[in-house]
Amino acid sequence: MFPELINTRPLRRAVDDGLTWVVRNWGSELEAAAHPLLVLLNWIEQLLLATPWWLFIAVFVGLAALATRNWKLPLIIFVALVGMGLMELWRDAMITTALMITATLTAIAISIPVGVWMSRSQRVRQFVTPVLDLMQTMPSFVYLIPTVMIFGPGKIPALLATIIYASPPLVRLTDLGLRNVDPAVMEATRAFGASPSQRLFGVQIPLALPTILAGINQTTMMALAMVVIASMIGAGGLGYQVLQGIGRLEVSRGLFAGLGIVVLAIIFDRITQAYGRRLQGRIGVGEAH
Amino acid sequence: MFHKSGSVAAAMSAVVFAAGMAAAIPTSASAQDAATSCGTDRTIDIAEMTWPSAAALAHIHAIILERGFGCTAEIVAGDTVPTSASMLSRGKPAIAPELWTSSIEEAWKKGIADGVVVEIGDAITDGTVEGWFIPRYTQEANPDLTTAEAVIARPDLFPDPEASGKGRLYSCPPGWTCELSTSALYEAFDMEEKNWNIFSPGSGGALDASIARAFTREEPILFYYWGPTSILGKYDAVQIELGEVKPEVYACNTDKDCRDEPGITAYPSSPAVIGAAAWLPEEAPAVAEYLAKAGLSNAQISKLLVYGDENNADATETAMNFLRTEQELWTSWVPQDVAEKVLASLN
């Protein structure tokens, strides 16, 4: 065993007291700062819950049909969504979808700028990469309980935890996509006298879009992977059904809710992937001309 | 029970004594072994439940069994429903050091009748607390908040941050029996009509964090909780009156298949027992005899937990501290030589 060189108790106590101090003195300010997220989430949730089930199914089947120009994916999505409705999971699935969409939107708003910044500065990259590693590997319960103490249980800590876990792949892939744009193309834009912002928005981002879309796809999937953990701090939804199933040893309840999460994952994954492929094809055609 | 085990111990020490008198050294050694040995070669797995008192108890038993009785003891993770289900169906884990049988009443009674499991003794000797709590400072500010009806009339005092104009009742983690009973009470009190939301914190950790947050910021909070726990030891909460205990109503409230309307009832004080698989007392009678005595009172458990809480100690450290500081208590549970072995290992 490693020798006890220092007494770690004072340090641990200092961390705990520090958290208590933050909760006591900054709790309401931090809560107010996170309030816009809650408003966005509640709004999306209300919208999804108010949407009739047939409209929701129609929209997603339509999106799938537009993205693939094929009958297979729309059919799978139709069957899966109807099955989920029949299993009485509709309401929970909407709550989960709202959480996932809000987390993904917030992650996009944060990650793409960070990714752009990273791609332009080696120093930022050196600093951000370990932070991303930390975000992806730190067990979520470590920061969940402090976030619950600061923000109170419910949707805000669940959303924050999901964003922390789901944004790193988008940051990484944005950075990768921008760095991988052909240097010859960039040289040409400079030769034509394009300004830095023209180069970024007119050339780099459009060319990197397939990679960025792959990042958004990854973020969506990782947000769904956090559903059960988010439910452990009061977010509700499908994850809550899984927890109830575990707690009461009702294998069926856990299994059906778990399959519901899989259905959502398949829908969002396949549709975003199909759009990514179409986009890639279009850019490929553009280059050929 | 106590008389019987006492006389067994007396008989055993008499045997040791007699063997010693005969000065047959090998016999006396083996007789001494027989008096205190574990009795079984099987691994005795002890369920460490998710809440702190049960976790500390599991570690105390594991240390005494391993170092004192020379058993192979192992700590396994558990929770009321999964652990009891596994004990009833497979005889594993061998010991559940703090099992709240009220939530699994029927299956557990049937298991005892079938001879699959046994109740060795009371884990908490003076009963348990379960109910709805509010902070004392909230009650001092609003002295009329002593009954459930009075609290329910004031949803504005306990606002739900996610739904304006509503009160929030912190319920129990999903899948626990208290989730069913608390939801039933929510319905029985017609709280939805009276502008209340029931909020499930999702896990024991999140419920504790919510309570800690409210008390740290001196905010009002209405929550379900149970004792003895370090939360109730650490934070000054008062239990509100839910009326009298009606066992039939409570049984129906906690039964998913019961079709009657949920009714109002207080939570019955549930027995917390030391449960064991039936093979344990048969194969390791000395261990069973020890467990039968190893009950603690609410006050003793709270003391145990507050140490853990104040010193950031994990369950093992908490257990070690108990063994070091409460020697008089636990040495009375075990034969002399077992106590000596454990004491020697502590230093």
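Residues numbered from 1 in each chain as written. Chains lettered and ligands numbered in written order. Predicted model: local features only at pLDDT ≥ 70, side-chain atom pairs only at ≥ 80, totals over all residues.

### Comments concerning the overall build of chain B
Consideration 1: A tally of helices and strands in chain B yields 17 helices and 10 strands.
Consideration 2: Counting only residues that meet the buried cut, chain B has 44% of its 347 residues in that class.
Consideration 3: In chain B, 72% of the contacts between residues at least 6 apart in sequence involve partners at least 24 apart. (Helix = DSSP H or I, 4+ residues; strand = E, 2+ residues; numbered from the N terminus. Buried ≥ 20, exposed ≤ 12 C-beta atoms within 10 Å, placed from the backbone. Contact = placed C-beta atoms within 7 Å.)

### Here we look at the overall build of chain A
Consideration 1: Counting secondary structure elements, chain A contains 12 helices and 0 strands.
Consideration 2: Secondary structure elements of chain A occur, N-terminal to C-terminal, as α-α-α-α-α-α-α-α-α-α-α-α.
Consideration 3: Oriented by its inertia axes, the alpha-carbon framework of chain A measures out at about 65 × 55 × 40 Å.
Consideration 4: By residue count, 38% of the 289 residues in chain A fall in the buried class.
Consideration 5: The long-range fraction of contacts in chain A, counting pairs at least 24 apart against all pairs at least 6 apart in sequence, stands at 78%.

### Points about the domain arrangement of chain B
It is common to report an interface's size as the accessible area lost on association of the parts.
Residues and elements named next belong to chain B.
Consideration 1: Domain parsing of chain B yields domain 1 (37-127 + 271-346) and domain 2 (129-253).
Consideration 2: Taking the mean C-alpha position of each, domain 1 and domain 2 sit 30 Å from one another.
Consideration 3: The partner domain 2 presents 8 residues to the 13 residues of domain 1 that form the contact.
Consideration 4: Mapped by element, the contributors of at least two residues to the side of domain 1 that touches domain 2 are α3 (52-68) and α14 (298-310). (Domains from an automatic or database assignment.)

### Considerations on the interface of chain A and chain B
Consideration 1: Each partner contributes to the interface: chain A provides 26 residues, whereas chain B provides 23 residues.
Consideration 2: In terms of residue count, helix α1 (residues 9-50) of chain A provides more of the side of chain A that touches chain B than any other element does, 8 residues in total.
Consideration 3: Of the residues in the side of chain A that touches chain B, the class split is 12 nonpolar, 8 polar and 6 charged. (Nonpolar A, V, L, I, M, F, W, Y, C, P; charged D, E, K, R; others polar.)

### Digging into the nonpolar core
Consideration 1: Formed by 94 residues in total, the largest nonpolar core has its most connected members in A:Leu99, A:Ala161, A:Met226, A:Ala230 and B:Leu222.
Consideration 2: The greatest single-element share of this core, amounting to 13 residues, is contributed by helix α7 (residues 155-179) of chain A.
Consideration 3: Beyond its immediate stretch of four places on either side in the chain, B:Leu222 contacts B:Trp132, B:Ile134, B:Val151, B:Phe158, B:Leu169 and B:Tyr170.
Consideration 4: B:Leu57, B:Val117, B:Val287 and B:Val338 belong to the second largest nonpolar core, which has 56 residues in total. (Core = buried A, V, L, I, M, F, W, Y, C linked by C-beta atoms within 7 Å.)

### Section: helix α3 (residues 72-86) of chain A
Since the α-helix turns once every 3.6 residues, residues separated by three or four places project in the same direction.
All names here are of chain A.
Consideration 1: Helix length check: α3, at 15 residues, gives a terminal C-alpha distance of 21 Å against a target of 21 Å (1.5 Å per residue), a fit within 8%.
Consideration 2: If you check which residues of α3 are buried, you get Leu 73, Ile 77, Leu 81 and Met 84. Around the axis of α3, the buried residues are gathered within 60 degrees of arc, so they sit on the same side. Away from its buried face, by an angle of more than 90 degrees, α3 presents the exposed residues Lys 72, Val 79 and Leu 86.
Consideration 3: Of the residues flanking the end of α3, it is Glu 88, one or two places downstream, whose phi is positive at about 60 degrees. (Expected span 1.5 Å × (residues − 1). Arc of directions from axis to C-beta.)

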